[in-house]
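Here is what each chain is made of, one letter per residue.
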Amino acid sequence: MALFRFGRKQTPDTPEPTVAAPATGDATPAPVAAPSGGGLLDRLRAGLAKTARVLNTDVRDLFKREGRLVDEEFLEELRATLIRTDMGPAAAEGIVVDVRERLRARVVDPEIVIDSIRRQLLGRLEQTGAAVAAAPTGPTVILVTGVNGSGKTTSIAKLARLFTREGKRVVLGAGDTFRAAAVEQLSMWAARLGAELVRGEPGCDPASVAHRAVARALEGSFDVCIIDTAGRLQTQSNLMQELSKIRRVISKQIPDAPHEVLLVIDATAGQNALSQAKGFKEAAGCTGIVLAKLDGSARGGVIVPVTEQFGLPVKFVGLGETADDLEAFAPERFVAALLEGALAPAG
Ligand code: GDP
Ligand code: MG
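As the structure is a prediction and not an experimental result, all values here were calculated from the model.

1. What about the pairing of strand 8 (residues 288-292)?
Among the five residues in strand 8, five count as buried, and that is most of the element. Alternating residues of strand 8 divide into Gly288, Val290 and Ala292 and Ile289 and Leu291, and every residue in both groups is buried. Pairing between strand 7 (residues 260-266) and strand 8: five bridges, direction parallel. Paired with Asp266 across the bridge in strand 8 is Ala292. Between strand 7 and its parallel partner strand 8, the chain crosses via helix 10 (residues 272-284), and the hand of that crossover is right-handed.

See the structure below:
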């Protein structure tokens, strides 16, 4: 299967008009901001600031006492700091073991500790790729799932922005038929982003909307069809079956579709993110993760156990509320942004 790759090149930052949105509560998308001139790494840095603060400030604090020995007390404090980022016990233990071996009974060397963290994170995030599976011919169909409020609709807007920036034509399916506001929210994003929208009557069968969206993508020769779904818990088996039905309907129209089933996880969800990944992978056949709201989370480390435990690659990270706040996930860039400044003098 072909792959879409994003995030390697930066498109020119053309300012665009901000559309005034009517005040309709949670149906109002955040304004489409002109991308800041800072570029990809700045956005990632800003988005990871909270997690980096836990990691860097607290790890740096461990070095404050000059000439401190790497003893069990130091290693325990290091472990506790790492755990606070939600990177999980396995990664934390890996770092502690490595630092213990490299610095046993020696004076703490901050560079070695940071290097150990960097290597451990990179090693554990290595197999994840940002590429999105693409249809060999015809429209690529992406189904977007997740619990309520995780950031599905916003992430769809961000994905649509990525695709349209690449010159692709996008049709969106308003499959969250549960709330009228959800349809309005997607409709507003579609208008703003120059994507077409397929919607149904409030309360109608989401599979019928998905069917019509895919039919429209086929008949109109669209490149990408992204389908929204209502929020649900991984434990609600009837609603998980509804996702299976949507998948079945789509695959009758295009045999290898949906090409991706993305699970949007809120990075502030902590350990809950892990049970969501497990439940949605098993019941909905998710193929990849969008880790949204990293900018609001001090627990960005959760990306480590999420990718490791379930073999679900993190494809994108969400770094804010505008359509531009999405990054294709690249482990090196992620770890670099996270650890940047870690060796600066503790203030
Ligand atoms: P849905 O219920 O899963 O469709 O969630 P929405 O897309 O409606 O998002 C719920 C709220 O989270 C909205 O207020 C969004 O603006 C906000 N949100 C979504 N993604 C992000 C993100 O990456 N960062 C931040 N800070 N907020 C986000
Ligand atoms: Mg939604």
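2. Some points on the site of ligand 1
What surrounds ligand 1 is a group of 16 residues, the closest being Lys152, Thr153, Thr154, Asp295 and Glu321. Thr154 places a side-chain nitrogen or oxygen 2.6 Å from an oxygen atom of ligand 1. Alone, ligand 1 offers 580 Å² of accessible surface; in the complex the protein occludes 80% of this. Of all the elements, helix 6 (residues 152-165) adds the most residues to the shell around ligand 1, at four residues. For the shell around ligand 1, the residue count by class is three nonpolar, eight polar and five charged.

3. Structural notes on unusual backbone geometry
In this structure, the amide linkage connecting Ala257 to the following residue, Pro258, adopts the cis form with an omega of -5°. Within the secondary structure, Pro258 sits in the loop between helix 9 (237-253) and strand 7. Of note, the phi angle at Ser221 is positive, near 50°, even though the residue is not glycine. Along the polypeptide, Ser221 turns up in the loop between helix 8 (206-219) and strand 6 (224-227). Note on Ser221: relative accessible area 54%, which makes it exposed.

4. Quick notes on the side chain of Ser150
With respect to the element layout, Ser150 can be found in the loop between strand 3 (140-145) and helix 6. In this structure the side chain of Ser150 is engaged in a polar contact, spanning 3.1 Å, whose partner is the backbone oxygen of Val264. Contacts of Ser150, omitting those with residues within four sequence positions, involve Val264, Ile265, Asp266, Ala292 and Lys293.

5. Details of the packing of aromatic side chains
Across all of its chains, the model carries one aromatic pair by this definition. Ring plane angle 75° and centroid distance 5.2 Å describe the contact between Phe329 and Phe334, whose orientation is recorded as edge-to-face. For Phe329, a relative accessible area of 2% puts it in the buried group. Note on Phe334: relative accessible area 2%, which makes it buried.

6. Observations regarding the pattern of salt bridges
Per the counting criterion, the structure on display carries 27 salt bridges. Here Arg119 makes a salt bridge to Asp115, at a shortest N to O gap of 3.1 Å. Within this pair, Arg119 and its partner Asp115 are both found in helix 5 (residues 110-125), separated by four residues, close to a single helical turn. Its relative accessible area of 52% is what places Arg119 among the exposed residues. In this structure, Glu308 and Arg124 form a salt bridge, with 2.9 Å as the shortest nitrogen-oxygen distance. Within this pair, whereas Glu308 is found in helix 11 (residues 303-310), its partner Arg124 is found in helix 5, the two being separated by 184 residues in sequence. Accessibility expressed as a relative area gives 17% for Arg124, which makes it buried. Connected through salt bridges with shared partners, the residues Asp98, Arg102, Asp115 and Arg119 form a single ionic network.

7. Observations regarding the pairing of strand 4 (residues 170-173)
Side chains Val170 and Leu172 of strand 4 all project onto a buried face; the interleaved residues Val171 and Gly173 project onto the opposite face, where all are buried too. Examined bridge by bridge, strand 4 and strand 6 share four bridges and lie parallel to one another. Within strand 6, the position partnered with Val170 by the bridge is Val224. With three bridges connecting them, strand 4 and strand 5 (residues 196-198) associate as parallel partners. Residue pairing across strands places Gly173 opposite Val198, the latter belonging to strand 5. With helix 7 (residues 180-193) bridging strand 4 and the parallel strand 5, this β-α-β connection has right-handed handedness.

8. Examining the environment of Glu282
Tracing the sequence through the fold places Glu282 in helix 10. Here the alpha-carbon distance between Glu282 and Met240, two residues 42 residues apart in the chain, equals 9.8 Å.

9. So, the environment of Leu197
Following the sequence through the fold, Leu197 ends up in strand 5. Distance in space between the C-alpha atoms of Leu197 and Leu186 is 8.0 Å, their sequence separation being 11 residues. Contact partners of Leu197, with chain neighbours within four places excluded, come to Leu172, Ala174, Leu186, Ser187 and Ala190.

Calculation rules
Residues numbered from 1 in each chain as written. Chains lettered and ligands numbered in written order. Predicted model: local features only at pLDDT ≥ 70, side-chain atom pairs only at ≥ 80, totals over all residues. Heavy atoms only, no water. Buried < 20%, exposed > 50% of the residue type's maximum accessible area, 1.4 Å probe, protein only. Helix = DSSP H or I, 4+ residues; strand = E, 2+ residues; numbered from the N terminus. Pairing = 2+ DSSP bridges. Right-handed = clockwise from strand over helix to strand, strands pointing away. Near = heavy atom within 4 Å. Polar contact = N/O pair within 3.5 Å; in protein donor to acceptor, adjacent residues only side chain to side chain. Areas by Shrake-Rupley, 256 points an atom, 1.4 Å probe, with all protein chains shown as cover. Nonpolar A, V, L, I, M, F, W, Y, C, P; charged D, E, K, R; others polar. Contact = heavy atoms within 4.5 Å. Phe/Tyr/Trp six-rings, centres within 6.5 Å; stacked < 30°, edge-to-face > 60°. Salt bridge = Lys/Arg side-chain N within 4 Å of Asp/Glu carboxyl O.

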